[in-house]
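One letter stands for each residue in the lines below.
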Amino acid sequence: MNLKEMAKTAALHSGAFSLLHRLRNRECLTVLMFHRVLPQELAKRVWADPEYTVTPELLASVLDFCKRHHSPVGLEDVLASREGIRPLPPYPVLVTFDDGWRDNLDYAHPVLQAAGVPWVLFAATDAVAAPAIWWQEVLEWALRSGRASYSELWSAASGNGASKATSARTLSLLLRFGALSPDRRDEILEPYAAAMREICGSSIALSAEDLRLLRHNSVGIGAHGSSHMPLSLVDHAERDIAVAREWLAENVDVTTENSISFPHGRYDNRTARIARDAGYRLLFTSDPVLNPCPRGWLKSDIVGRISIATEDVVGADGVVMGERLAPWLFLRERSALSI
């Protein structure tokens, strides 16, 4: 343990972090962002993205920590606060999941239900409308599993051997494949999709029936776009947002949640305006901030979230460390996002 970790451990055990939290964050909404929940061995076997996958045990530990330091709230509570109907309690925390993975029902829901913690699932409706195989996950899975390289996939999609050598190569590749016709995209990805089906099973995303089941069990359901493409980087953002809203209304009867999280955390003035015009009253981002709610009233309809990744909160033994989780959550910038 280095000196920095020792100092954090001392601060945790002395109660300094807890005291600081109680002094500075009483009137701030903390929103946690998760994606996938899988047992460790299964996650390794199916080549799940480690950056976006936590174990059920880690989720349970984080929930236990939050219940000791926060007041868990649901989506309806946050909406009521924003609209001046009912204030949030002190130290509110909201748990959210993005995308619409099947494991959210199989592994996350039992943990959250046992803990008595409400939560929200933001669904990418193209993925849950056809849950067998999601082309974006096939693309990224092919890279993670070593079955294809960036250059090979870029060449297949662009017709030349040049690859985008940028810090956002995966995003560039995603946009390139998103510009292809569905038939051409499926043709390129089918060999990887077949391999993925063999290893991961026939369905990796939730279905409409699964979403209805979760909603029946008091899980908040929001939109995550339809295509899951970064809405600030595409020309069809208005159609994408409208399709997602209509699909959820028709297939899951989501008529009151009125919330959206921006895919890939990307948004700008245009996408925020489009989302508001479509009727969304809460716009969730990936900006890692605490959201001010003086006297329990949420100040902004744009809500920041803090991602919980394994490498950020666990020790070498794989167990959640309070001395890492406490500063990860408590010391964030307090900011009312606006655009």
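As a starting point, this report considers the structure included with it. (Residues numbered from 1 in each chain as written. Predicted model: local features only at pLDDT ≥ 70, side-chain atom pairs only at ≥ 80, totals over all residues. Heavy atoms only, no water.)

1. Things to note about the overall build of the protein chain
Across its full length, the protein chain carries 16 helices and twelve strands. Radius of gyration (C-alpha) of the protein chain: 20 Å, near the 20 Å computed for a compact globule of 339 residues. Along the first, second and third principal axes, the C-alpha atoms of the protein chain reach 60 × 50 × 35 Å. The buried share of the protein chain, reckoned over its 339 residues, is 53%. A fraction of 71% describes how many contacts in the protein chain between residues 6 or more apart in sequence connect residues 24 or more apart. For the protein chain, the accessible surface area stands at approximately 14900 Å², while carbon and sulfur atoms represent 50% of it. (Helix = DSSP H or I, 4+ residues; strand = E, 2+ residues; numbered from the N terminus. Rg over C-alpha atoms; globule rule 2.2 N^0.38 Å. Buried < 20%, exposed > 50% of the residue type's maximum accessible area, 1.4 Å probe, protein only. Contact = heavy atoms within 4.5 Å. Areas by Shrake-Rupley, 256 points an atom, 1.4 Å probe, with all protein chains shown as cover.)

2. With respect to the packing of helix α9 (residues 150-158) against helix α10 (residues 169-178)
Packing of α9 against α10 leaves a shortest axis separation of 10 Å and a crossing angle of 25 degrees. When the interaxial angle is binned, α9 and α10 end up roughly parallel. The two elements α9 and α10 meet at a crossing, and its hand is left-handed. Across the interface between the two elements, Tyr-150, Leu-153, Trp-154, Ala-157 and Ser-158 from α9 touch Arg-169, Thr-170, Ser-172, Leu-173, Arg-176 and Phe-177 from α10. Of the residues belonging to the contact of α9 with α10, the class tally is six nonpolar, three polar and two charged. (Axes fitted to C-alpha atoms, helices over the stretch in contact; angles between N-to-C directions. Parallel < 35°, antiparallel > 145°, perpendicular 65-115°, else oblique. Left-handed = near helix turned anticlockwise from the far one by under 90°. Nonpolar A, V, L, I, M, F, W, Y, C, P; charged D, E, K, R; others polar.)

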